[in-house]
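# Topology and contacts: notes
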Amino acid sequence: MGKKLNSLEDLGGFVFSTNKDFEFENEESIETPANREQRLEAHLDKKNRGGKVATVIKGFEGNEEDLKTLAKKLKTLCGVGGTAKDGEIIIQGNFRDKIMDYLIKDGYKVKRVGG
């Protein structure tokens, strides 16, 4: 049997409304800093990828939408697939130098990490 709920706070802040015009306002909107204020790290990674290499960009600060927009630009630049989640952009293949050049031209501060 599950935990007994004693108050609304036990629901974890979940709110339900029957009002069809209700719009949820997210108070925790994260603003993305300017490119020149971002400090990114460019990694090469082979772990848990079946021996294939992936370029991983870490350290992005900001909201998920801006992270996904940057990931899409990088995937288009390299012509490969990838993903963006948890503040990281993963690009399939070894494109670290190409991505670093692009990010530096776009105003980001990028550090090469690893071999």
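Look a little higher up for the structure.
Now for the overall build of the chain. Helices and strands together make up the secondary structure of the chain, namely two helices and five strands. Start at the N end of the chain and walk to the C end: the helices and strands fall as β-β-α-β-β-α-β. Taken across its 115 residues, the chain has 23% of its residues classed as buried. Roughly 9,000 Å² of accessible area belongs to the chain as shown, and the carbon and sulfur atoms make up 48% of that amount.

Our focus in this paragraph is the pattern of salt bridges. With the rule as written, the count across this model stands at two salt bridges. The residue Arg49 makes a salt bridge to Asp45 at a minimum N-O spacing of 2.9 Å. Under the relative-accessibility criterion, Arg49 is labelled partly exposed at 29%. Asp97 is the partner of Arg112 in a salt bridge, and the nearest nitrogen-oxygen pair spans 2.6 Å. Taken together, the positions of Arg112 in strand β5 (residues 109-112) and Asp97 in helix α2 (residues 96-105) put the pair 15 residues apart, joining distant regions of the chain.

What counts, and where the lines are drawn
- Residues numbered from 1 in each chain as written.
- Predicted model: local features only at pLDDT ≥ 70, side-chain atom pairs only at ≥ 80, totals over all residues.
- Heavy atoms only, no water.
- Helix = DSSP H or I, 4+ residues; strand = E, 2+ residues; numbered from the N terminus.
- Buried < 20%, exposed > 50% of the residue type's maximum accessible area, 1.4 Å probe, protein only.
- Areas by Shrake-Rupley, 256 points an atom, 1.4 Å probe, with all protein chains shown as cover.
- Salt bridge = Lys/Arg side-chain N within 4 Å of Asp/Glu carboxyl O.

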